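Analysis of the macromolecular model
The lines below spell out each chain.
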Amino acid sequence: MISEKNYTKSQLIFLLTLRFAIGWHVLYEGISKVINPQWTSADFLHESQGILSGFAKWILSNADLLATIDVLNAWGLVLIGLALIFGFLFKPAAIIGSILIFIYYLSVPPLVGYEYTLPSDGSNLIINRTLIEAIALFGLALFPTNRIFGLDHFFQSHFKKRTKNG
Amino acid sequence: MDEQDKGIKEEKNMPTSDATEKTPKDISRRNALKALAGIPVAGLFGFELSRKINYDKNRRSRIVQELGLDKMDFSIPDYGKDEARDIIRIGIIGFGRRAEQLSAGLGFMHPDEVERRTNNNTLRSWLEQENLNVAITGICDVFDLHAQRGLEVANNNLRDGASKLPIKRYRTYQDMLADKDIDAVIISTPDHHHGFMAIDATKAGKHVYLEKSVAHTEEELNELYHTVKNSHITFQLGHQITQSTVFKQAKEIIDKNVLGKITLIETTSNRNTAEGAWIRHLDADGNPKPGDEKSIDWMQWLGNTPYVPFSIDRFYNWTKWFAYDTGLIGQLFTHEFDAVNQLLRIGIPKSVSSSGGIYYWKDNREMPDSLHCVFEYPDKDLTLLYSGNLASSRSRGRVFMGHDASMELGNNIKITVDRNSTQYQKGIASGLIDTSEPMLSFNPGAGQIDAVTSASERYYADRGLTNTVIGGRQVDVTHLHLREWLNCIRENKTPSAHIDVAYEEGIACLMAHRSYLEKRQVFWDEVNRKII
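Residues numbered from 1 in each chain as written. Chains lettered and ligands numbered in written order. Predicted model: local features only at pLDDT ≥ 70, side-chain atom pairs only at ≥ 80, totals over all residues. Heavy atoms only, no water.

Take the overall build of chain A next. Summing up its helical and strand segments, chain A has seven helices and zero strands in all. Ordering the α and β elements of chain A from the N terminus gives α-α-α-α-α-α-α. Of all 166 residues assigned to chain A, the portion counted as buried reaches 41%. Here the analysis covers contacts within chain A between residues at least 6 apart in sequence; of these, 76% occur between residues at least 24 apart. (Helix = DSSP H or I, 4+ residues; strand = E, 2+ residues; numbered from the N terminus. Buried < 20%, exposed > 50% of the residue type's maximum accessible area, 1.4 Å probe, protein only. Contact = heavy atoms within 4.5 Å.)

All names here are of chain B. Residue position: L106 is located in helix 4 (residues 97-106). Judged by its relative accessible area of 5%, L106 is buried. Sequence spacing of L106 and N131 is 25 residues, and the spatial spacing of their C-alpha atoms is 8.0 Å.

Okay, the nonpolar core next. If you look at the biggest cluster of nonpolar residues, it comprises 85 residues, and the most contacted ones within it are B:F235, B:L259 and B:F375. Among the elements that make up this core, the one with the highest residue count is helix 18 (residues 499-518) of chain B (eleven residues). In this structure, this core is formed jointly by two domains, domain 1 (88-240) and domain 2 (243-280 + 317-469 + 498-531) of chain B, each of which donates at least three residues. With near-sequence residues (within four places) excluded, B:F375 lies in contact with B:F333, B:P349, B:S351, B:V352, B:L382, B:T383, B:L384, B:Y386, B:A508 and B:A512. One finds A:L84, A:F90, A:A94 and B:A42 within the second-largest nonpolar core, a separate group that totals 28 residues. (Core = buried A, V, L, I, M, F, W, Y, C linked by side-chain atoms within 4.5 Å. Domains from an automatic or database assignment.)

The next thing to look at is the side chain of B:S351. Assignment of secondary structure puts B:S351 in strand 8 (residues 351-357). Beyond its immediate chain neighbours, meaning those up to four positions away, B:S351 contacts B:V374, B:F375, B:E376, B:M511, B:Q521, B:V522 and B:F523.

Moving on: empty space enclosed by the protein. Residue and element names in this part refer to chain B. Scanning all chains against the criterion turns up three cavities of 30 Å³ or more. Each pocket or cavity is described by its volume, and for the largest cavity that value is around 70 Å³. As for the largest cavity, its lining consists of S213, V214, A215, H216, T326, T334, E505, G506, C509 and L510. With four residues, the top contributor of residues to the lining of the largest cavity is helix 18. For the lining of the largest cavity, the per-class residue count stands at four nonpolar, five polar and one charged. Looking at which domains feed residues into the lining of the largest cavity, each of domain 1 (88-240) and domain 2 (243-280 + 317-469 + 498-531) gives three or more. (1 Å grid on protein atoms, 1.4 Å probe; cavity = no way out; pocket = protein on both sides within 12 Å on 5 of 7 lines; lining within 4 Å. Points joined across faces, edges and corners; volume = space filled by probe spheres on them. Nonpolar A, V, L, I, M, F, W, Y, C, P; charged D, E, K, R; others polar.)

Residue and element names in this part refer to chain A. Taken together, the buried positions of helix 3 (residues 53-60) are S53, A56, I59 and L60. Down the axis of helix 3, the smallest arc covering the buried residues is 120°, so these residues share one side. Where helix 3 is buried, its residues contact helix 2 (42-46) and helix 4 (63-86). (Arc of directions from axis to C-beta.)

Moving on to the pattern of salt bridges. All names here are of chain B. Taken as a whole and judged by the stated rule, the model has 28 salt bridges over all chains. R116 serves as the salt-bridge partner of E113, at 3.0 Å between the closest nitrogen and oxygen. Of this pair, E113 and R116 both sit in helix 5 (residues 111-119), three residues apart, which is roughly one turn of that helix. Between D160 and K164 there is a salt bridge, and its shortest N-O distance comes to 3.7 Å. One network of salt bridges, in which partners are shared, links E218, R514, E518 and R520. (Salt bridge = Lys/Arg side-chain N within 4 Å of Asp/Glu carboxyl O.)

All names here are of chain B. Side chains of strand 5 (residues 207-210) alternate between two faces, with H207 and Y209 and V208 and L210 buried alike. Here strand 4 (residues 184-187) pairs with strand 5 via four bridges, running parallel. Following the sheet pairing, I186 is matched in strand 5 by Y209. Crossover connection from strand 4 via helix 9 (residues 194-203) to parallel strand 5: handedness right-handed. For strand 5 and strand 6 (residues 235-237), the ladder comprises three bridges, and the chain directions are parallel. Each residue of the ladder has a partner; that of V208, found in strand 6, is F235. Following the backbone out of strand 5, through helix 10 (residues 218-229) and into the adjacent parallel strand 6, one traces a crossover that is right-handed. (Pairing = 2+ DSSP bridges. Right-handed = clockwise from strand over helix to strand, strands pointing away.)

So, about the domain arrangement of chain B. Residues and elements named next belong to chain B. The domain boundaries assigned to chain B delineate domain 1 (88-240) and domain 2 (243-280 + 317-469 + 498-531). Just the C-alpha atoms count here: the centres of domain 1 and domain 2 sit 27 Å apart. Each partner contributes residues to the interface: domain 1 has 22 residues there, and domain 2 has 31 residues. Across the interface of domain 1 and domain 2, roughly 2,400 Å² is buried in total on both sides, 55% from carbon and sulfur atoms. Three residues stand out in domain 1 for area buried against domain 2, namely E218, H239 and Q240, and they jointly supply 25% of the buried area on that side. (Buried area = accessible area lost by both parts, 1.4 Å probe.)

All names here are of chain A. Taking 1.5 Å per residue, 14 residues should reach 20 Å; helix 6 (residues 129-142) reaches 20 Å between its end C-alpha atoms and fits that length. By the burial criterion, the buried members of helix 6 are L131, E133, A134, L137, L140 and A141. The N-cap residue of helix 6 is N128: its side-chain oxygen and the backbone nitrogen of T130 are 3.2 Å apart. (Expected span 1.5 Å × (residues − 1). Polar contact = N/O pair within 3.5 Å; in protein donor to acceptor, adjacent residues only side chain to side chain.)

What follows covers the packing of helix 11 (residues 245-255) of chain B against helix 14 (residues 328-344) of chain B. In helix packing, the relevant descriptors are the interaxial angle and the interaxial distance, both defined with respect to the helix axes. All names here are of chain B. Following both chains from N to C, one finds helix 11 and helix 14 inclined at 45°, their axes separated by 9 Å at the closest point. Considering their axes alone, helix 11 and helix 14 lie oblique with respect to each other. Judged by the twist between their axes, the crossing of helix 11 over helix 14 is right-handed. Across the interface between the two elements, F247, A250, K251 and I254 from helix 11 touch A339, Q342, L343 and L344 from helix 14. The residue inventory of the contact of helix 11 with helix 14, partitioned by class, reads six nonpolar, one polar and one charged. (Axes fitted to C-alpha atoms, helices over the stretch in contact; angles between N-to-C directions. Parallel < 35°, antiparallel > 145°, perpendicular 65-115°, else oblique. Left-handed = near helix turned anticlockwise from the far one by under 90°.)

Let's shift gears to the packing of aromatic side chains. Residues and elements named next belong to chain B. Considering all chains together, one arrives at 18 aromatic pairs over all chains under this definition. Aromatic pair F143 and F315: ring centres 5.4 Å apart, planes at 90°, arrangement edge-to-face. Of this pair, F143 sits in the loop between strand 2 (134-140) and helix 7 (144-154) while F315 sits in helix 13 (residues 312-316); the two residues are 172 residues apart in sequence, bridging distant segments of the chain. F315 shares its class with F143; the two are buried. Aromatic side chains F315 and Y316 sit 5.1 Å apart centroid to centroid with 85° between the ring planes, which places their arrangement in the edge-to-face category. (Phe/Tyr/Trp six-rings, centres within 6.5 Å; stacked < 30°, edge-to-face > 60°.)

Right, dumping it as structure tokens:
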């Protein structure tokens, strides 16, 4: 099994850089939504096509639900971003984060025949940066660095000590 | 594996020369430090974030200050004060689709519609509406089915449920006007009835809320104008658009000369559906809508228009014929003119030339489906353009073009600074102002969903014709417009869409229509006050 003790220095540097970069991006995505009172996911959801478009319409049909989703989404991103940067509850954060980003991808996938009115980032065919970020974040969960460079180190030690003593 | 083992194993991968000399305590401390690696990253993030927030705030406030827009407040301070007032008894003449919306604005809705809106979660904003203290006590419609529907709506008040006052159906509008138990009337019939009904209502001493367009002929318009001018009634034309918060913002922006000298205003209508092209005699499943000679008083429906045999097509799709309407001008340009006139008070144009044709909806219609009108205001150094098309829904917006900036006005406002502006020359040169994209946008509705569904409704919403936001709450602008009318009746004041603006709009529309019919430029004779 791969564990963080087997990484070379350059592997560790790469994994950490990737972790901090994604953490930074996710955190800012969250914070920019939290601090902008005008932000709403409605515009994004209006665009939705493909398998999640029904889900998006359902959210849009209910003002209270939309407001709840907006709050959960923005704060979820903030917490996931912080968790990635600090290496705290890293694995669940990385897995939940990658699923969340994958949902964004599935809401507006750049499949052949799907046209969107909001401008897209670059030229995409099936694969876009959102999907790549989801994959990369999932990869980070498989190559964890949190027990060396993260608060999970303390919690794990604490937990280990307690189980040892107990 | 315990903590120490882990530390040692990990150390193997770290190329430190003195790793073997470290004590377990050192290693443990070192590991603890490594575990905090996220802190500098988070610190850097926090630092950059505060820089970004300050930068944005600074930039925004500098732009807003530069434009003089830092003090704008558009709340309606007394909205929602639920004070008890004398009930105004309203009669509605013509109970079609528009009358249902007007009734909702007054606080009345059909039980079926209440159920539908409960199910799709769009009822709340209606329930939060201010109590206007009115009763719908009379319904007049030539179609039994519509009259019946009207009676059911009138009997379902948002607050009280069933009406405490009796609700009467009147067979003719004259019967309604003769009844002293009606204080005010709302006229929402097809357009060919508007003028003379409003004249008769004014003469009968009833307050009038008249849907656009104002009048179908110049003679009728003149008579209406003089009748209302010489009366004590409160007249309001049904242009709810100015009740929207964005219009108040737009007014402020223009008054503060943010746009510089405005010499061109471009207004458009962009629709591409059968319903939008006034083909409305079929229901959603393609079956003919109800109505026949037994249930419709056809002679009364025709009014003063030339006799034609009963036609369900004409009954539902009257906008297609010149006898009953002026088409794009009467149905859609009226809103555009009102929007511009309320902001700039441009009044009656010096000349109008229109052209167009029936290019797509080649049915039995007379009305053009593509129409373009140029209104000249040489005294004001201004041209107003209108371009309406019923076979393309490409959104072309409503744009006020000034020397310093242009303003696109719909359900929000977008201001883009002109790259050759004089006023903002410094700001552009210093990089504070970017001319490649809208510099400012006001969107009071952000964070709210609009409860609109069909393409036509979406169209109206985009043009600020349905809802606005006051204090974070969605409010129906028709409700606000009716509220203004009722408040003016009670306080003997003049509402925003008063008879003078109605007259200006009526003349501008009749000029545009005549220009299309006569295929020539028509002029306004200011001295004799007539179209030539």
